[in-house]
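Examination of the molecular architecture
Residues per chain, in single letters:
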Amino acid sequence: MVSLNHYLVLSAILFAIGTAGVFVRRNLITILLSIEIMLNAVNLTFVAFGRALGAADGQIIVFFVMTVAAAEAAVGLAIVIALFRHRESLNPDSWTALKW
Amino acid sequence: MSSFNAIVPMSCVTAAAIAAMIAEAFRAPGERMPIGPLGAIGLAGAAISSVLLWKDGASSFGVVVADKFGLFVTFILIIVGVLSLAISEPTIDRERLPRGEYYALMLFALAGMMLMATATDLLIIFLALEVLSLAVYVLTGIRRDHALASEGALKYFLLGAFSSAFFLYGIAFTYGLTGSTRLDRIGSLMAAQAMAPTPMQLLAVGLLLVGFAFKVSAVPFHMWTPDAYEAAPPAITGFMSTGVKAAAFAAFVRVFLAAFEPLRPSWSPILWIVAAATMIVGTVVGVSQSSVKRMLAYSSIAHGGYLLLALLAANDVGKAAVLFYLLTYAVTNIGAFGVISVLENTDQPNDRVRDYAGLWYTHPALAALMTIFLLSLGGFPPMAGFIAKWYVFSAAVKRGYTGLAIIGVLTSVVSVFFYLRIIVMMYMTTTDTPARVPPIPRMAGLALIVSAILVFYLGILPTRVLDWAAASIATIF
């Protein structure tokens, strides 16, 4: 039997993977993907809680989050494209003109 | 139709934003359309509807409430919006930015901010946060031909998206604990079990705190602030340093002083440390900056620290302090960035402190205005900043946060050093190569004078506005 705790642990692991990805990976697209993993981990949490509470709210919230994630991906990729035009690189370490 | 009343102000702004977008789409090449005035009309509609709502208030669908608190912040946002529209005009002409998109994004951001200030449901707060953030990310990088602008936008975007995932995770746990995202129901359920908070409650509060701390650029989540503020055109920097902060603090106050008030013993020590670190880091790092925009970015971080202190100390005396501080900070900071924006040239950013040398001799009016704004930021009487800081610190002392109040006073004294550095540069230094300043457009000049008048008005006759602020915050707790 898969209980609420199993879902919560799974989503926590996914969230941790996403967080680690943001810090560890050195490619802008992969970093964006990692943020998507974090958001989807949260979605899983919402769905699991919604099911455990027997309420539809949890499932409905996920639709909102998915919409926001799509909008965020659009803006994020647009900014990455604008950057790539300046310097043909996706490595965040090549963008260090602003510091302190 | 009565249930739609509370969302009328933000609907006016959204309608103006959509109209701006359509106007841009149907514009013939080279044709000039009065898109700026269109935005002003939308904001005027929002102002009128807010005034009408002020007396009785309204509630829409149980998730958006036009109470006095939300409306007071809406008024601040309308002032920020009108001043930003007026200051933006020369930037758009000079940088050849797409006028319709610029104003549409600014108005969408304002609508999101208004929604955030009036939302009483965590999910709506999250959606409003995203509406305003996505618009502001794009505005930060709107000078696409500047590599620096894109870099600043990217940093802002990455950290912003990262932190909103944390914020959302906090909402998920709150929902799991209480079965609701409504603030009033969360508050009553938290109060029922506040004696021994469970680990999951603490996790939820902590994650929400991270999300808010990022949006109000509190230390240690402030790294994006100077980069984004330097990268954006100064008119946008003024807009986002005031508008985003006002909206985020409004939601912060609503969530933590209404819904999570029963858990205060758990979160107030963390907030104590964050407020102290924010004031100290903002001031100390600000001293070492040579770019005026970055310096004011650190100054705005420090002001975020004072606002956190006001939030912590919100009691009978200090309740009005948060709102009053937000208002004075908004008019002052937008004025300061307005002066920077007017000084900027296409080929010469005029952003270094030494570019201000001898400004008093070449442009006495601009130098005088900049002096007013900087002295108000530093907290000199009779400017507004003095009264605002006075209220925050006296509330903190009354509530028993003497240590934080001392840190606050000391950091304000240190911050005066870097504000005075610019003033000394303007009045007491002469240079053979004075900065070339483009002619000052009438609208922007008028906006600067209006902000200066507001700074003096709030500094000399604050009583009426303070009464309004006290009446406003009384509606939420």
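Note: the structure precedes this text.
An account of the accompanying structure is given in this report. (Residues numbered from 1 in each chain as written. Chains lettered and ligands numbered in written order. Predicted model: local features only at pLDDT ≥ 70, side-chain atom pairs only at ≥ 80, totals over all residues. Heavy atoms only, no water.)

1. Overview of the layout of surface pockets
- Counted as a void, the largest pocket has a volume near 890 Å³.
- As for the largest pocket, its lining consists of 30 residues, of which F23(A), K155(B), L159(B), M223(B) and W224(B) are closest to the centre.
- Put simply, the parts of the chain that give the lining of the largest pocket at least two residues each are α1 (4-24) of chain A together with α6 (147-178), α8 (199-215), α9 (224-231) and α12 (292-312) of chain B.
- By residue class, the composition of the lining of the largest pocket is 20 nonpolar, 3 polar and 7 charged. (1 Å grid on protein atoms, 1.4 Å probe; cavity = no way out; pocket = protein on both sides within 12 Å on 5 of 7 lines; lining within 4 Å. Points joined across faces, edges and corners; volume = space filled by probe spheres on them. Helix = DSSP H or I, 4+ residues; strand = E, 2+ residues; numbered from the N terminus. Nonpolar A, V, L, I, M, F, W, Y, C, P; charged D, E, K, R; others polar.)

2. Brief notes about the interface of chain B and chain A
- Across the boundary between the two partners, chain B contributes 42 residues, which contact 43 residues of chain A.
- Taken together, both faces of the contact between chain B and chain A bury some 3,500 Å²; the carbon and sulfur share is 80%.
- Per-residue buried area on chain B facing chain A is highest for F162(B), Y169(B) and Y175(B); these three make up 19% of the total on that side.
- At the surface where chain B touches chain A, the tally comes to 0 salt bridges. (Contact = heavy atoms within 4.5 Å. Buried area = accessible area lost by both parts, 1.4 Å probe. Salt bridge = Lys/Arg side-chain N within 4 Å of Asp/Glu carboxyl O.)

3. Looking at the pattern of salt bridges
Residues and elements named next belong to chain B.
- Across all of its chains, the model carries 13 salt bridges over all chains by this definition.
- A salt bridge links E261 to R264, with the nearest nitrogen and oxygen atoms 3.2 Å apart.
- By relative accessible area, which is 11% here, R264 ends up buried.
- One network of salt bridges, with partners in common, ties together E151, K155, D227, E230 and R294. (Buried < 20%, exposed > 50% of the residue type's maximum accessible area, 1.4 Å probe, protein only.)

4. Concerning unusual backbone geometry
All names here are of chain B.
- In this model, V219 is joined to P220 through a cis peptide bond whose omega is 5 degrees.
- Here P220 shows up in the loop between α8 and α9.
- The phi dihedral of F61 is positive, around 55 degrees, even though this residue is not glycine.
- In this structure, F61 sits in the loop between β1 (58-60) and β2 (64-66).

5. Some thoughts on a nonpolar patch on the surface
Residues and elements named next belong to chain A.
- Where nonpolar side chains cluster on the molecular surface, the patch consists of V9, I13, I17 and I37 and spans about 340 Å² of accessible area.
- Looking at which element gives the most residues to the nonpolar patch, the answer is α1, with 3 residues.
- The topology assignment puts I37 in helix α2 (residues 28-53).
- The class of I37 is partly exposed, set by a relative accessible area of 34%. (Patch = residues over 30% accessible without salt bridge, like charges linked within 9 Å, V, L, I, M, F, W, Y side chains within 5 Å. Areas by Shrake-Rupley, 256 points an atom, 1.4 Å probe, with all protein chains shown as cover.)

6. Some thoughts on helix α16 (residues 384-398) of chain B
All names here are of chain B.
- With 15 residues, α16 ought to run about 21 Å at 1.5 Å a step, and its terminal C-alpha atoms sit 21 Å apart, in line with that.
- When we look at burial in α16, the residues that qualify are A384, G385, I387, A388, K389, V392, F393, S394, A395 and A396.
- Looking one or two residues past α16, G400 carries a phi angle of roughly 95 degrees, positive in sign. (Expected span 1.5 Å × (residues − 1).)

7. Things to note about the side chain of R94(B)
All names here are of chain B.
- Relative to the assigned elements, R94 resides in helix α3 (residues 68-95).
- According to the relative accessible area criterion, R94 is buried, its value standing at 14%.
- Polar side-chain contacts of R94 include one of 3.0 Å to the side chain of E344.
- Contacts of R94, omitting those with residues within four sequence positions, involve S341, E344, N345 and T346. (Polar contact = N/O pair within 3.5 Å; in protein donor to acceptor, adjacent residues only side chain to side chain.)

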